[in-house]
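Residue-level structural notes
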Number of protein chains: 2
Amino acid sequence: MLPEHIRSELRAIVGEQYCLDRQEALVAYSYDATPMQQALPDVVVMPKSTVEVQQVMRVAAGHQIPIVTRGAGSNLCAGTIPVGGGIVLVLSRMNQILEIDEQNLTITVQPGVRTSDIHQAVEARGLFYPPDPGSMVISTIGGNIALNSGGLRGLKYGTTKDYVLGLEAVLPNGEVIRTGGKLMKDVAGYDLTKLLVGSEGTLAIITQAILKLIPKPQTQRVMLAMFADMAQAARSVSDIIANRIIPGTLEFLDQGTIRVVEDFKQIGLPTDVAAILLIGQDGEPQTVDQDMEKIAAICKKNEAVQIKVATTPEEAEDVMTARRSALAALSRMRPTTILEDATVPRAEIAPMVAAIQEITERYGLHICTFGHAGDGNLHPTCMTDARNHEEIERVEEAFAEIFAAAIDLGGTITGEHGVGIVKAPYLEWKVGAAGIEVMKGIKKAFDPNNLLNPGKMFAKETRNRVVVNRA
Amino acid sequence: MLPEHIRSELRAIVGEQYCLDRQEALVAYSYDATPMQQALPDVVVMPKSTVEVQQVMRVAAGHQIPIVTRGAGSNLCAGTIPVGGGIVLVLSRMNQILEIDEQNLTITVQPGVRTSDIHQAVEARGLFYPPDPGSMVISTIGGNIALNSGGLRGLKYGTTKDYVLGLEAVLPNGEVIRTGGKLMKDVAGYDLTKLLVGSEGTLAIITQAILKLIPKPQTQRVMLAMFADMAQAARSVSDIIANRIIPGTLEFLDQGTIRVVEDFKQIGLPTDVAAILLIGQDGEPQTVDQDMEKIAAICKKNEAVQIKVATTPEEAEDVMTARRSALAALSRMRPTTILEDATVPRAEIAPMVAAIQEITERYGLHICTFGHAGDGNLHPTCMTDARNHEEIERVEEAFAEIFAAAIDLGGTITGEHGVGIVKAPYLEWKVGAAGIEVMKGIKKAFDPNNLLNPGKMFAKETRNRVVVNRA
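Bear in mind the structure is a predicted one, so any value in this text is a computation, not a measurement.

Turning to helix α3 (residues 50–63) of chain B, a few remarks are in order. Because an α-helix packs 3.6 residues into every turn, residues spaced three or four apart end up facing the same way. Residues and elements named next belong to chain B. With 14 residues, α3 extends 20 Å between its outermost C-alpha atoms, agreeing within 8% with the 20 Å of an ideal straight helix rising 1.5 Å per residue. Listing the buried residues of α3 in full gives T50, E52, V53, Q54, V56, M57, V59 and A60. Two residues or fewer past α3, Q64 is found with a positive phi of approximately 55 degrees.

Written out as structure tokens, the structure is:
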């Protein structure tokens, strides 16, 4: 509990009803979408403006109180758990779309705007904001920026980082910086914009963003290709790219995921195949038709047992919804669902899926895998029970092996979820000791007193690297 | 002159013939493509490998000797002038294309590879590396990365930063870091890759890069649209974008530039028009044809006096070559040519060009403007004479006003050339005092002893901001 005089300072800034310290409020902001992670804040503060954020930051700096900035809390890396207590700064009241600029093709938003609200607002004007993280219906753009969220369109369109042109952010000393602008080219100094994207609330508090828009694709089509063998599906992915086609969506579901999704949504997925590719293309109608034909031919050549092209927008929507519901479907199976995002170069998907299967069996666990085949971003998802400590230990061991396998294949420990608390012990595996030192230096340059989201990204100890010799 | 024992250490690393300290060698590396900037290094060192770069870096760190890393020296911001003396580290011997990976669509290169050699190598395989800075025939990819080079395709395809997926770099302490990978998604820690891109050799020495490739567009077409009035040309640019067309190229030449280019290249440009737009589209043939028709209609609606569509690849090449020769053509006019790159949001091109004209006239100078209309990246280019001190003072005053005008219009002091020495006094105008402090903190985190490219990016003093009230 913070002393009354500090709570009083905070109340004076945001107003009594936006400064919460009742137990039920503290509990509500003690967790996020990450399983098995919880810590109580001392107070929840909900500012309405950049100036209020600055004032709160100054109070925090004056009393050396940690600040954990938070939107919807839909992240999966425990990125918004207030492990050091202090202030949870909820930006959901800063939820205005400030401008859609059709000449410069930009949208200017506050951090609390929901991702899907951005989609709707710009698509109504024939424009397009591609990043579509799984949580987009509830996630906020501030959270997307803090974590550099990806999604299903990453292969063709990139991730959040590729669309952030400018930021306003409050530094730990309370000062405001403005980076970038409505500019496609800007090389004035170090790129603070891209550095803040993905910095997980550890460097500054993002209070406004200018995002790049592109013209909305005229049309989009989607197909399902079913395979009796994972290797055939992986080869199809490689062949599509080798044929110089970059699909708008190129998703993968393994048999375990297919069965659970079909049970949940009943859209007629065949539950006896080993893998399904969900392949979408968007753009100019003729090009899309050509690409879909070529893609179908490639899948056939790789012995797809069935190819089903969605013929109506409703069918297409069903298929996309089924894919998007994978996490929800899997979550119904057992009390605890751990969704990971080990990522490899696209060409290494088949060996990576094989490694995940081998590890899963060896540890006697239930792990299904789905994800973004086109960009090598896989989501091995473990259905378990947090109350079973022995099993959870096996789960942790298994995931450590999965991360090690990803690194061995030239990949990374996290493609789109972020480091937060849960990946921190593995970060050094990817970036090396020298990389960690550089990152800590950057953190210190922004936040010398470690007030912003302490306990994230940098672990007290790096986990011992698992060494497994694979054939 | 460095003491013999240090030169001896350096010779032992790279071999006698790659450690130059004869006067003529020092002079050859005392300047780059930036006019009126020169400083002698103490020694020129040409390593062949990352290990040699590490060893040189350790010698430099041990004796506190500055290192200025350099490729072709084609930059325009005095980014490679060794103002503090020390070592010029020339990476032109590290010039191997290490791998083209057709499955993952990447190319792995050493920093000394020429940009146009990358273009040729990947296009031969039906792949495409879009960034095409004006200097691409001589520039090296290491220089492009250090400066985040742009080019004519920036509007549709982005700049160098958008294509760098991973880097190997030597830190000022001699350690190597490896960032990113053949990964479309990677959020493991702060994005050191994008931070190093555009860091102008001040944070680390880039020794290897993994670049993203995309499929080569099937076809490309180009047209010229001539306008009697600058405002009509600017309106055409806005209308093209507002019609949801993103051209592959959308360039602008003012009357002064047109006359000089035509005199130089004689390709039949009309010298009596106020502005020419050079508009190209690439992609799938039918889409390209459709877009070209729509673009022509938009230009006609905006009273283009003539529209000339290139009908053969040779004609198209002529047109592109003419645009690319603008700097060379202008350079013939007077002894000194100063090419700037004030950049504004696309919608502000017309007011920006008007401001440049007004300032040029008020200072009695000869400034022509051309550049990348589609991304608001203009190149006001002054033909002057460095020996005429009175005129050079007026040139400096005029450019200061031009930068201020760009900032006032929501723009930046440099869109693609970098800060180096020449823009350093203006950097604070764009990023603010707080932004400068953050950037200095980052510099210190990487390079606490200020050994890498000292004297760049951060000026001893910020220039006083010009305040002009415009109608």
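This part covers the domain arrangement of chain A. All names here are of chain A. Domains assigned within chain A are domain 1 (4–90), domain 2 (97–215), domain 3 (219–329) and domain 4 (333–446). Look at where the C-alpha atoms of domain 3 and domain 4 centre, and you get two points 24 Å apart. Carbon and sulfur atoms supply 70% of the area buried between domain 3 and domain 4, which totals about 1,400 Å² over both sides. Counting the surface domain 3 buries against domain 4, the share from its top three residues, M230, F252 and L327, is 32%. Where domain 3 meets domain 4, there are 0 salt bridges. Where domain 3 touches domain 4, the interface holds 6 residue pairs in polar contact (both at pLDDT 80 or more). When contributions to the side of domain 3 that touches domain 4 are tallied by element, the ones reaching two or more residues are α8 (230–242), β13 (249–254), α9 (255–265) and α12 (326–331). Within the side of domain 3 that touches domain 4, the residues separate by chemical class into 12 nonpolar, 3 polar and 3 charged.

Looking now at a nonpolar patch on the surface. Residue and element names in this part refer to chain A. Residues V27, Y31 and L40 make up a contiguous nonpolar surface patch of roughly 250 Å² in combined accessible area. Along the chain, L40 falls in the loop between α2 (23–28) and β2 (43–45). L40 gets classed as partly exposed once you look at its relative accessible area, which sits at 42%.

So, about unusual backbone geometry. Unlike most non-glycine residues, E303 of chain A shows phi in positive territory, near 65 degrees. Structurally, E303 of chain A is set in the loop between α10 (285–301) and β15 (306–309). Residue E303 of chain A is classed as exposed on the basis of its relative accessible area of 51%. Residue N453 of chain B is not a glycine yet carries a positive backbone phi of 45 degrees. Structurally, the position occupied by N453 of chain B is in the segment after α15 (427–446). Assessed through its relative accessible area of 3%, N453 of chain B is described here as buried.

Before going further, it helps to examine the sheet that holds strand β8 (residues 164–170) of chain B. All names here are of chain B. On the basis of which strands lie adjacent, the open sheet formed by 5 strands has the order β5-β6-β10-β8-β9 and antiparallel pairing. Two strands in the sheet have a free side with no partner beyond their single neighbour: β5 (97–101) and β9 (176–180). Between one strand and the next, the sheet's axes are offset by a mean angle of 10 degrees, whatever the strand orientation. Of the strands in this sheet, β8, β9 and β10 (205–212) touch α3, which is tilted by about 50 degrees from β8. Relative to β5, helix α4 (residues 115–123) is tilted by about 35 degrees, and along the sheet it contacts β5, β6 (106–109) and β10.

Our focus in this paragraph is the interface of chain B and chain A. In this assembly, 80 residues from chain B lie in contact with 80 residues from chain A. Both sides together, the interface formed by chain B and chain A hides about 6,200 Å², and carbon and sulfur atoms give 60% of it. For the pair chain B and chain A, the interface holds 10 salt bridges. The salt bridge involving K185 of chain A is made with E416 of chain B; its shortest N-O contact spans 3.1 Å. Here chain B and chain A share 37 residue pairs in polar contact (both at pLDDT 80 or more) between them. Elements represented by at least two residues in the side of chain B that touches chain A include exactly β9, α7 (192–196), α8 (230–242), α10 (285–301) and α15 of chain B. Top element by residues in the side of chain B that touches chain A is α15 of chain B. It accounts for 12 residues. Tallied by class, the residues present in the side of chain B that touches chain A amount to 32 nonpolar, 30 polar and 18 charged.

Each value, and the rule that gives it
- Per chain, residues are indexed from 1 in the order of the written sequence.
- As they are written, the chains are lettered A onward and the ligands numbered 1 onward, keeping that order.
- With pLDDT at 70 or above as the cut-off, local features in this predicted model cover only qualifying residues; side-chain atom pairs require 80 or more to be listed or tallied, and sums for whole chains, interfaces and linings still use all residues.
- Heavy atoms from the whole structure form the basis of all side-chain values; hydrogens and water molecules are not counted.
- Going along the chain from the N terminus, every DSSP run of H or I of four or more residues is numbered as a helix, and every run of E of two or more is numbered as a strand.
- For a helix, the expected span equals 1.5 Å multiplied by the residue count minus one.
- Under the scheme applied here, a residue whose accessible area is under 20% of the maximum for its type counts as buried, over 50% as exposed, and between as partly exposed, the area being computed with a 1.4 Å probe on protein chains only.
- Domain ranges listed in this record stem from an automatic or a database domain assignment.
- By buried area we mean how much accessible surface two parts lose on assembly, using a 1.4 Å probe and totalling the loss over both.
- Salt bridges, as used here, are contacts in which a Lys or Arg side-chain nitrogen is within 4 Å of a carboxyl oxygen on Asp or Glu.
- A 3.5 Å cut-off defines polar contacts: any pair of N or O atoms within that distance qualifies, except that in protein one atom must be a possible hydrogen donor and the other a possible acceptor, and neighbouring residues in sequence count only when both atoms are side-chain atoms.
- Amino acids outside the nonpolar list (Ala, Val, Leu, Ile, Met, Phe, Trp, Tyr, Cys, Pro) and the charged list (Asp, Glu, Lys, Arg) are all regarded as polar, and Gly is one of them.
- Patch membership requires over 30% relative accessible area and the absence of a salt bridge. Like charges are linked within 9 Å, and nonpolar side chains (Val, Leu, Ile, Met, Phe, Trp, Tyr) within 5 Å.
- To measure how exposed things are, a 1.4 Å probe is used in the Shrake-Rupley method; for residues, cover is taken only from the protein chains shown.
- Being paired, for any two strands, means DSSP has found at least two bridges between them.
- Axes here refer to lines fitted to C-alpha atoms; in helices the fit is confined to the stretch in contact. Angles between the N-to-C directions go from 0 to 180 degrees.
- Contacts are assigned to residue pairs that have any heavy atoms within 4.5 Å of one another.

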